[in-house]
Number of protein chains: 2
Amino acid sequence: MTETSAQPEGTPAPRTRIQRRKREAILEAGLTVFSQEGFRGATLDRIAAEAGLSKPNLLYYFPSKEAIHTELLTGLLHTWLDPLRALDPAGDPLAELLGYVRRKLLLARDYPRESRLFANEILQGAPRMRPALEGELRALVEEYATVIKGWIDAGHIAPIDPVHLIFSIWALTQHFADFEVQVRAVLGSEDPFEGAEAHLDTVFRRILRPDADGPRTSA
Amino acid sequence: MTETSAQPEGTPAPRTRIQRRKREAILEAGLTVFSQEGFRGATLDRIAAEAGLSKPNLLYYFPSKEAIHTELLTGLLHTWLDPLRALDPAGDPLAELLGYVRRKLLLARDYPRESRLFANEILQGAPRMRPALEGELRALVEEYATVIKGWIDAGHIAPIDPVHLIFSIWALTQHFADFEVQVRAVLGSEDPFEGAEAHLDTVFRRILRPDADGPRTSA
DNA sequence: TCTTGATTTGACCAATCGGTCAAAGAGACG
DNA sequence: CGTCTCTTTGACCGATTGGTCAAATCAAGA
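Residues numbered from 1 in each chain as written. Chains lettered and ligands numbered in written order. Predicted model: local features only at pLDDT ≥ 70, side-chain atom pairs only at ≥ 80, totals over all residues. Heavy atoms only, no water.

Engineer: Describe in detail the nonpolar core, supporting the description with residues and values.
Structural biologist: Ranked by size, the top nonpolar core spans 146 residues in total, and within it I68, F118 and F204 of chain A together with I68, F118 and F204 of chain B carry the most contacts. With near-sequence residues (within four places) excluded, I68 of chain B lies in contact with I26, L27, F34, L44, L58 and F62 of chain B. (Core = buried A, V, L, I, M, F, W, Y, C linked by side-chain atoms within 4.5 Å. Buried < 20%, exposed > 50% of the residue type's maximum accessible area, 1.4 Å probe, protein only. Contact = heavy atoms within 4.5 Å.)

Engineer: Mind laying out the interface of chain B and chain A, listing which residues take part and the relevant values?
Structural biologist: Contacts between the two partners involve 58 residues from chain B, matched on the other side by 58 residues from chain A. Summing both partners gives a buried area of about 5300 Å² for chain B against chain A, and 65% of it is carried by carbon and sulfur. At the boundary of chain B with chain A, the tally comes to zero salt bridges. Counting across the interface, chain B meets chain A through 12 residue pairs in polar contact (both at pLDDT 80 or more). Elements represented by at least two residues in the side of chain B that touches chain A include exactly α1 (17-41), α6 (112-123), α7 (130-153), α8 (162-178), α9 (180-187) and α10 (192-208) of chain B. (Buried area = accessible area lost by both parts, 1.4 Å probe. Salt bridge = Lys/Arg side-chain N within 4 Å of Asp/Glu carboxyl O. Polar contact = N/O pair within 3.5 Å; in protein donor to acceptor, adjacent residues only side chain to side chain. Helix = DSSP H or I, 4+ residues; strand = E, 2+ residues; numbered from the N terminus.)

Engineer: Give a description of a negative patch on the surface that names residues and reports values.
Structural biologist: A contiguous patch of negative charge, built from D161 of chain A together with E190, D191 and E194 of chain B, is present on the exposed surface. With respect to the element layout, D191 of chain B can be found in the loop between α9 and α10. Classification of D191 of chain B by relative accessible area gives partly exposed; the value is 31%. (Patch = residues over 30% accessible without salt bridge, like charges linked within 9 Å, V, L, I, M, F, W, Y side chains within 5 Å. Areas by Shrake-Rupley, 256 points an atom, 1.4 Å probe, with all protein chains shown as cover. Lys, Arg positive; Asp, Glu negative; His and termini not counted. Charge placed at Lys NZ, Arg CZ, Asp CG, Glu CD.)

Engineer: With reference to specific residues and values, describe the domain arrangement of chain A.
Structural biologist: All names here are of chain A. For chain A, the assigned domains are domain 1 (13-63) and domain 2 (72-208). A C-alpha centroid distance of 29 Å is found between domain 1 and domain 2. On the side of domain 2, eight residues touch domain 1, which itself brings 10 residues to the contact. Summed over both partners, the interface of domain 1 with domain 2 buries about 840 Å², with 61% contributed by carbon and sulfur atoms. The largest contributions to the domain 1 side of the interface with domain 2 come from L31, S35 and F39, which together make up 59% of the buried area. Summed over the shared surface of domain 1 and domain 2, the result is one salt bridge. Its salt-bridge partner being R113, residue E28 comes within 2.9 Å of it at the nearest N-O pair. Where domain 1 meets domain 2, there are three residue pairs in polar contact (both at pLDDT 80 or more). (Domains from an automatic or database assignment.)

Engineer: Mind laying out the packing of aromatic side chains, listing which residues take part and the relevant values?
Structural biologist: Under the counting rule described, the total for this entry stands at 10 aromatic pairs over all chains. Centroid distance F34 of chain A to F39 of chain A: 5.8 Å. Interplanar angle 10°. Geometry classified as stacked. Residues F34 of chain A and F39 of chain A agree in their burial class; the two are buried. Look at F167 of chain A and F176 of chain B: their rings are 6.5 Å apart centre to centre, the planes differ by 85°, and that puts the pair in the edge-to-face class. You can see F167 of chain A sitting in helix α8 (residues 162-178) and its partner F176 of chain B sitting in helix α8, one on each of two chains. A single burial state applies to F167 of chain A and to F176 of chain B, both of which are buried. Every member of this aromatic cluster is reached through a ring pair, and the members are F167 and W170 of chain A together with F176 and F193 of chain B. When the ring centre of F39 of chain A is taken as origin, the NZ or CZ atom of K65 of chain A, which lies over that ring, is 4.7 Å away. (Phe/Tyr/Trp six-rings, centres within 6.5 Å; stacked < 30°, edge-to-face > 60°. Lys NZ or Arg CZ within 6 Å of the ring centre and 35° of its normal.)

Engineer: I'd like to hear about the packing of α8 of chain B against α9 of chain B, residue by residue, with values.
Structural biologist: Residues and elements named next belong to chain B. One can describe the packing of α8 onto α9 by two numbers: an axis separation of 5 Å at closest approach and a directional angle of 80°. Taken together, α8 and α9 sit at an angle that is classed as roughly perpendicular. Note on element contacts: α9 touches α8 through E180, Q182 and V183, opposite H175, F176, A177 and D178. Of the residues belonging to the contact of α8 with α9, the class tally is three nonpolar, two polar and two charged. (Axes fitted to C-alpha atoms, helices over the stretch in contact; angles between N-to-C directions. Parallel < 35°, antiparallel > 145°, perpendicular 65-115°, else oblique. Nonpolar A, V, L, I, M, F, W, Y, C, P; charged D, E, K, R; others polar.)

Engineer: Provide a residue-level description of the pattern of salt bridges, including the pertinent values.
Structural biologist: Scanning the entire structure with this criterion turns up 30 salt bridges over all chains. A salt bridge links D82 of chain A to R85 of chain A, with the shortest nitrogen-to-oxygen separation between them at 3.6 Å. With D82 of chain A and R85 of chain A both in helix α4 (residues 65-85), this residue pair falls three residues apart, about one helical turn. A salt bridge links E142 of chain B to R138 of chain B; the shortest N-O distance between them is 3.2 Å. Here E142 of chain B pairs with R138 of chain B, and both are found in helix α7, just four residues apart, close to one helical turn. Owing to a relative accessible area of 28%, R138 of chain B belongs among the partly exposed residues under this scheme. The structure contains a network of salt bridges with shared partners spanning E37, R46 and E50 of chain A.

Engineer: Help me get a handle on the relation of the copies chain B and chain A, residues and values and all.
Structural biologist: Note on the identical chains: chain B maps onto chain A by a rotation of 180° and an axial translation of 0.0 Å, with an RMSD of 0.1 Å. Taken together, the rotation angle and the small translation identify this as a two-fold axis. Of every C-alpha in chain B, the one belonging to G41 of chain B sits nearest the axis of rotation, 2.1 Å from it. Take the interface residues of chain B: 100% of them recur as interface residues in chain A, which is what a same-surface contact looks like. (Least-squares fit on C-alpha atoms with pLDDT ≥ 70 in both.)

Engineer: Could you give an account of the confidence of the model for chain A, with specific residues and numbers?
Structural biologist: Residue and element names in this part refer to chain A. Residue-level pLDDT values for chain A average 91, and 89% of them are 70 or greater. Considering only residues more than four positions removed or in separate chains, one finds that residues 1-11, a stretch of pLDDT under 50, has 13 contacts. Considering only residues more than four positions removed or in separate chains, one finds that residues 213-219, a stretch of pLDDT under 50, has five contacts. (pLDDT = per-residue confidence, 0-100.)

Engineer: Give a detailed account of the environment of R205 of chain A, specifying residues and quantitative values.
Structural biologist: All names here are of chain A. You can see R205 is positioned in helix α10 (residues 192-208). The exposure class of R205 is partly exposed, given its relative accessible area of 29%. Counting along the chain gives 48 residues from R205 to I157, while the straight-line C-alpha distance between them is 9.5 Å.

Shown next as structure tokens:
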């Protein structure tokens, strides 16, 4: 029959050069639009326009709006957790943690749309990411919380709840991507990320500095 | 003519008891839906259903979707900045700042939808709040940054960028409302806010503790 | 009771939504 | 040149969107 048998499938590797390029452009556009408007607020027309394609042409490369969003989210968690995975249990604790903070901040600076896409998904109750959060994310956090706990018990850094420490790192770094407009509104023309790097370095040095008056967590 | 002259206007005080009640219900429903789906993602049908009204009936009390959203945002910034305004320049610096952190955290716990509505607006580039951010918000931050600067210069708290300190307080407290699903996914059944309060208290005590090795900001 | 104004709703509208389809175009190879 | 596959698009579809409107209902006073 007149079967359009060559329609590219959802995820598998694109065969031709042009397919790779157009799929890339669509994901780029989808990232821009989804991160700004959320899933429901985004429209195929806007994504298609942003990618420089007609809507039917966009739907030739992706079977649905959902498929674009899913593919974006799939890669996201991995990318987002990479800096945590780069944390070396055998390294110097303070340097490792400060390095993690810095990498996370640079990620927020260089990939703000990805950060906002993630934020949007979480804000909406993580309807499509919940399993990944309760599975992969939770496991990874627990793993590195144990590492941090080890550093604390060894006296290398000040005692602090490791999981909440990780939350704090996320919150303080992603804030500069997710709330960029607000930060810029307050700072004016000043570049947010320059001040941020020095500030976060200072902040986490103070939080983690092991010394002086001993443990005060239970007080 | 058959003029429906009694249609309540956008903002002014509702005349009857029933108007006050229904408008309240609509704003409640709007808060729930807008905070979850963002402006574009929210639908009048869902808001009406959530409020227990028919769509035309909802539009009898508010002239448009935009009007509901605007009214919600208008009250929001004020409520959100109140804890900062409660900061007493004549009080004990550490206690004042820790109190501010605590109040902000309780706000995030008790009014998570408001926090998420705000986050959604910022994420979308603050299309309806930009003026308020660059005006009221910025002015208030600068005002209290000066207060904090005074405390630092007097040696009451450790030297730190006051504006970034405020950003950090916002980020660390709002995180528990805006990213609640993620936090809960990691913590499991544990109540996020119990651990959070102790953690943030510890964190900001360490950040603000003035002592020991003198200024290290310019190093 | 009747009247008057406030409230509620079913039916409807134009615009936009996600998505389909058949047909037209483009490129590669013989 | 013809042909085969990949790509692109205009026209279109049913559903949903924000919003309107005239008519119905309700509440309370005269």
